[in-house]
Amino acid sequence: MKRRFIIILAVIFLNSAWLGGGGCAPYAAPTQTEEAQTIPTPESAAPGQDQHPPGDTGLAAGTQPDEIAAPPQPLSHNEYEVRLEYDPVERVITGVEKITFANRTGAALNQVYVMNYFNAFAEDYTPAPYFEEMEDKLFARGVDYGYCNILNASINSDEAEITTDGVAVELSAQNPVAEGEQCVVLLQFEAYIPELNARTGGNGQETWFGNFLPILAAHDSEGWHKDPYYPAGDPFYSEISNYTVSVSAPANYTVAGTGPLTVTEMDNKRTTTFNARLVRDFAFAIGSRYTLTTAVTQHGTEVQLYSFSPEINRESLLTTAIKSLEYYNTVIGSYPYEELKIVEAGLYTNGMEYPGIIFMDSDYLKRTSDFRSVAHEIGHQWFYNVVGNNQTRDAWLDEGLTMLIQEGVFYDRNGIDLRMREDYEILASKRVSAGKSMDDPLGEFGSWSEYYDTHYTKGKLMAYALMLKMGDEKFYEFIKRFYSEYSFKIADKEAFIETAEAVYGEKLTSFFDAWFGLPLPPLEDTAGGR
């Protein structure tokens, strides 16, 4: 029976017209409670890079060669084609997924590894993917567990044996995949989404899916990376890929996701198809109450806010988003996509970043007045998404760097100095600052605050000390070069240090040894003053 199912899957993927998205009408702005409105771009927004009419790649045409390295060739990155069907009453989503990649591991493949992250929220998963301190927020509507079961799998049309170890799924091939050979993995899965405040979860009317789709495990010189779903940080490591994802739901439901979209409707069902190019993951949300509000940057990037709470100050939120995009464009390099989506969801943190889309916690959006976390999650479009890193090992690289650069959205240079020195004094007073290193992987942290102090705050202070040592001009020259050289690639500690030294013109060994060592070094001793 399984063999027959796999053959049917292959026929579906080879012949179904939905994969190409042909014949779909352009998407009309969905409004469930009011018409979408456009918020003018604030005059105070910093100028960004010029952008021009879009091309076929899904990247903004204003992306300049001197700001971002040339994107990979079409066959050099993974391809995902996914078809999803969502039942909002039963809160069940079923999927068929095709993953195409080239075997560049240096040897024949007998096993392929897929990361099924959402299954960490199954009732029998241990250890728990969250700290006890998060339980009340996670299960605000009562304890309920989810799951994502991979029901069938094939490798190059042959049925694959499935072995699950935590969130890592081993698929054993009947016939080895030779080095350099193209490999096609087909998966069928089913998931139940509880009312949960997590990266994937729901509130009864809206459902959001972050780190939900099974993805190919990252492979590098160290081999396959199959880390557990640690409770600290973002325990993910993913490679740049292309996604074509089709989501079907009742016609009164709006779907927001990564990448440009098209929509078709038939028999009271709405199918939304996304075509996301050169992204590190795919995330989406489905809801019956989402209202779309839009704003456009000075240079053509459209910001789309999907919200359902009337208490949110949408104009202020979009103004912060526009200002953030323009500032990051100026000091880092061009945002490489034509749009950015902000989606109201329920999280146990303020926000969570995904390529071309960010999820923001509903409670946070209703209570905040400055939307600092919105600026932070937008900053991750540059560091995490375009410039990738192994977040289980080098979390400081995207978190610390983003934490420092985002300050420029809200403060002038003197204001940044004041804030950084206040943060330094607070961190210096905590014993955790002397006990944990930024070289410690996520599995070493026993609380969220311990992780945050190390990778966010200490990482930010290290970046600030580096700015003091290099001087502002060379520091931002370094940031732009780092972004340019590692766009659509994976960067690590060595890449960060080597790029900084190349721009500074001197070795920075003692500086980085001090910051990656223990205890917390004095700012003045490592930076040498301003």
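Treat the numbers as computed from the prediction; the structure is a model and nothing was measured.

**Q** For this particular structure, what's the right way to read the packing of helix 8 (residues 448–470) against helix 9 (residues 472–486)?
**A** For any two helices packed against each other, the geometry comes down to the angle between their axes and how far apart the axes lie. Interhelical geometry of helix 8 versus helix 9 gives an angle of 125 degrees and a closest axis separation of 6 Å. Relative to helix 9, the element helix 8 lies oblique. The two elements helix 8 and helix 9 cross, and the hand of that crossing is right-handed. For the pair helix 8 and helix 9, the contacting residues are Ala463, Leu466, Met467 and Met470 in the first and Asp472, Lys474, Phe475, Tyr476 and Phe478 in the second. Class assignment for the residues of the contact of helix 8 with helix 9 results in 7 nonpolar, no polar and 2 charged.

**Q** It is not clear to me how the layout of surface pockets should be interpreted in this structure. Could you clarify?
**A** The probe, sized like a water molecule, is rolled over the atoms to show the empty space still left. For the largest pocket, the calculated volume is near 640 Å³. Lining the largest pocket are 36 residues; nearest its centre among them are Asn350, Ser373, Met403, Tyr452 and Tyr456. Of all elements in the fold, only strand 24 (351–354), helix 4 (362–367), helix 5 (372–379), helix 6 (395–410), helix 7 (413–428) and helix 8 reach the threshold of two or more residues within the lining of the largest pocket.

**Q** Is there a simple way to think about a negative patch on the surface in this case?
**A** Residues Glu132, Glu133, Glu135 and Asp136 make up a contiguous surface patch of negative charge. Its place among the elements puts Asp136 in helix 2 (residues 135–138).

**Q** Sorry, what's going on with the sheet that holds strand 11 (residues 200–202) here?
**A** Two strands in a sheet stick together by hydrogen bonds in their backbones, pointing the same way (parallel) or opposite ways (antiparallel). Spatially, 4 strands are ordered 11-12-20-17 in an open sheet, and the strand pairing comes out antiparallel. The strands lining the two open edges of the sheet, one partner per strand, are strand 11 and strand 17 (254–257). The sheet shows a mean angle of 10 degrees between the axes of neighbouring strands, taken without regard to direction.

**Q** Could you clarify how one ought to interpret empty space enclosed by the protein in this entry?
**A** For the coordinates displayed, the defined rule picks out 6 cavities of 30 Å³ or more. Reported here for the second largest cavity is a volume of approximately 60 Å³. Along its surface, the second largest cavity is lined by Asn211, Ile215, Phe236, Ser238, Asp281, Met352, Glu353, Tyr354, Tyr384 and Gln391. Top element by residues in the lining of the second largest cavity is strand 24. It accounts for 3 residues. Tallied by class, the residues present in the lining of the second largest cavity amount to 5 nonpolar, 3 polar and 2 charged.

**Q** Hey, could you run me through the packing of aromatic side chains in this one?
**A** Remark: the centre distance and the inter-plane angle together describe each pair of aromatic rings, the angle taken between the planes. All chains considered together, the criterion is met by 44 aromatic pairs. Measuring from centroid to centroid gives 6.3 Å for Tyr290 and Tyr306, while their planes differ by 90 degrees, and the two rings are edge-to-face. Here the residue Tyr290 occupies a position in the loop between strand 20 (284–287) and strand 21 (291–296), and Tyr306 occupies one in strand 22 (residues 302–307), the gap between them amounting to 16 residues. For Tyr290, a relative accessible area of 1% corresponds to the buried category. Taken together, a centroid distance of 5.2 Å and an interplanar angle of 55 degrees make the contact between Tyr328 and Trp382 tilted. Residue Tyr328 is found in helix 3 (residues 314–331), and its partner Trp382 is found in the loop between helix 5 and strand 26 (387–388); the two are separated by 54 residues along the sequence. For Tyr328, a relative accessible area of 1% corresponds to the buried category. Above the ring of Phe445, the side-chain terminus of Lys436 is found at 5.6 Å from the ring centroid. Over the ring of Phe516 we find Lys493, and its NZ or CZ is 4.0 Å from the ring centre.

**Q** Explanation requested: the pairing of strand 21 in the structure shown.
**A** Regular strands show a simple pattern: their side chains alternate between the two faces of the sheet. Among the 6 residues that make up strand 21, 5 are buried, leaving the element largely enclosed by the rest of the structure. Sheet analysis places strand 21 next to strand 22, joined by 6 bridges and oriented antiparallel. The partner of Leu292 across the bridge, within strand 22, is Tyr306. Connecting the antiparallel pair strand 21 and strand 22 is a turn made up of 5 residues, with Gly300 showing a positive phi of about 100 degrees.

**Q** Would you take a moment to explain the sheet that holds strand 8 (residues 161–165) for this structure?
**A** Taken in spatial order, the 4 strands line up as 8-9-5-13 in an open sheet, and their pairing is antiparallel. Only two strands of the sheet have a single neighbouring strand rather than two, namely strand 8 and strand 13 (215–216). As judged from the 5 bridges shared by strand 8 and strand 9 (residues 168–177), these two strands associate in the antiparallel manner. Note on strand 9: the bridge partner recorded for Ile162 is Leu171.

**Q** Would you mind showing me how to read the confidence of the model for the protein chain here?
**A** Any residue range with low pLDDT should be treated as having predicted coordinates unsuitable for detailed reading. Predicted confidence across the protein chain gives a mean pLDDT of 88, with 84% of residues reaching 70 or more. Scored below 50 in pLDDT, residues 17–58 makes 95 contacts in the model with residues more than four places away or belonging to other chains. Segment residues 61–66 is flagged for pLDDT under 50; beyond a separation of four residues in sequence, or across chains, it makes 14 contacts in the model.

Cut-off values and rules
Residues numbered from 1 in each chain as written. Predicted model: local features only at pLDDT ≥ 70, side-chain atom pairs only at ≥ 80, totals over all residues. Heavy atoms only, no water. Axes fitted to C-alpha atoms, helices over the stretch in contact; angles between N-to-C directions. Helix = DSSP H or I, 4+ residues; strand = E, 2+ residues; numbered from the N terminus. Parallel < 35°, antiparallel > 145°, perpendicular 65-115°, else oblique. Left-handed = near helix turned anticlockwise from the far one by under 90°. Contact = heavy atoms within 4.5 Å. Nonpolar A, V, L, I, M, F, W, Y, C, P; charged D, E, K, R; others polar. 1 Å grid on protein atoms, 1.4 Å probe; cavity = no way out; pocket = protein on both sides within 12 Å on 5 of 7 lines; lining within 4 Å. Points joined across faces, edges and corners; volume = space filled by probe spheres on them. Patch = residues over 30% accessible without salt bridge, like charges linked within 9 Å, V, L, I, M, F, W, Y side chains within 5 Å. Areas by Shrake-Rupley, 256 points an atom, 1.4 Å probe, with all protein chains shown as cover. Salt bridge = Lys/Arg side-chain N within 4 Å of Asp/Glu carboxyl O. Lys, Arg positive; Asp, Glu negative; His and termini not counted. Charge placed at Lys NZ, Arg CZ, Asp CG, Glu CD. Pairing = 2+ DSSP bridges. Phe/Tyr/Trp six-rings, centres within 6.5 Å; stacked < 30°, edge-to-face > 60°. Buried < 20%, exposed > 50% of the residue type's maximum accessible area, 1.4 Å probe, protein only. Lys NZ or Arg CZ within 6 Å of the ring centre and 35° of its normal. pLDDT = per-residue confidence, 0-100.

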